[in-house]
Each structure stands twice: as structure tokens, then as C-alpha cells.
Amino acid sequence: MLFVSPDVFSQDISGSYRWWVDDGESSFVIDLSPKNSIRGSIPTSFKGEHCGVYFEGKRMDCSYEEYSIALHKVFENVFS
């Protein structure tokens, strides 16, 4: 008998993602962490926060004390 876990084909995308626009005035950050993960397994759902800073800090769009991102794996390399 062969048992294959769905986690075998999962990927862990948790972490911090940052990028800046070439003009030096804008940046964006996304922090993702596993949602309801089981120790020793690869997570399939993630929660996260975002923060965008534009025009040298004159405009900001950030989540505050709550999660603004919810991702769930649909297929390999596909999240909704």
C-alpha cells in the first residue's frame, strides 16, 4: 500500500516580502504566516498583513492589528 499525503506537493510561502519602486519614493511589504498549521507539516493556509508607503511617506495603506490577507492553497502554486 502507498499513502500519499496532500502536503507532499505543498509549499511554505510564509515569510516577509518587500519591494521598492525605482523612484525611491514607494515601498510595499507583505508578511505571511501559517494559519492553523500542524507542527511538522507544510501549511496550506496563510494569514498576513500588508503595508504600502507612497510619496516618501505622505500616503500609506497598512493593516493595523488585524490580518488583511488570507490565502488557501487550491492547487500546486495556486492560492486563492
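What counts and how
Residues numbered from 1 in each chain as written. Predicted model: local features only at pLDDT ≥ 70, side-chain atom pairs only at ≥ 80, totals over all residues. Heavy atoms only, no water. Disulfide = S-S within 2.5 Å. Helix = DSSP H or I, 4+ residues; strand = E, 2+ residues; numbered from the N terminus. Buried < 20%, exposed > 50% of the residue type's maximum accessible area, 1.4 Å probe, protein only. Core = buried A, V, L, I, M, F, W, Y, C linked by side-chain atoms within 4.5 Å. Pairing = 2+ DSSP bridges.

A.B. asks: Which residues make up the state of the cysteines, and what values go with them?
C.D. replies: Under the counting rule described, the total for this entry stands at 1 disulfide. One disulfide in the model links Cys51 with Cys62; its S-S distance is 1.9 Å. In this pair, Cys51 sits in strand E3 (residues 45–54) while Cys62 sits in strand E4 (residues 59–62), placing the two residues 11 residues apart along the sequence. On the basis of relative accessibility, which here comes to 23%, the residue Cys51 falls in the partly exposed class.

A.B. asks: So what's going on with the nonpolar core? Residues and values would help.
C.D. replies: One finds Ile13, Phe28, Ile30, Leu32, Phe46 and Ile69 forming the largest nonpolar core, which totals 6 residues. At 3 residues, the largest contribution of residues to this core is made by strand E2 (residues 27–34).

A.B. asks: How would you explain the pairing of E3 if you had to name every residue and give the values?
C.D. replies: Across 8 bridges, the pairing between E2 and E3 is antiparallel. Within the sheet, the bridge partner assigned to Ile30 lies in E3 and is His50.

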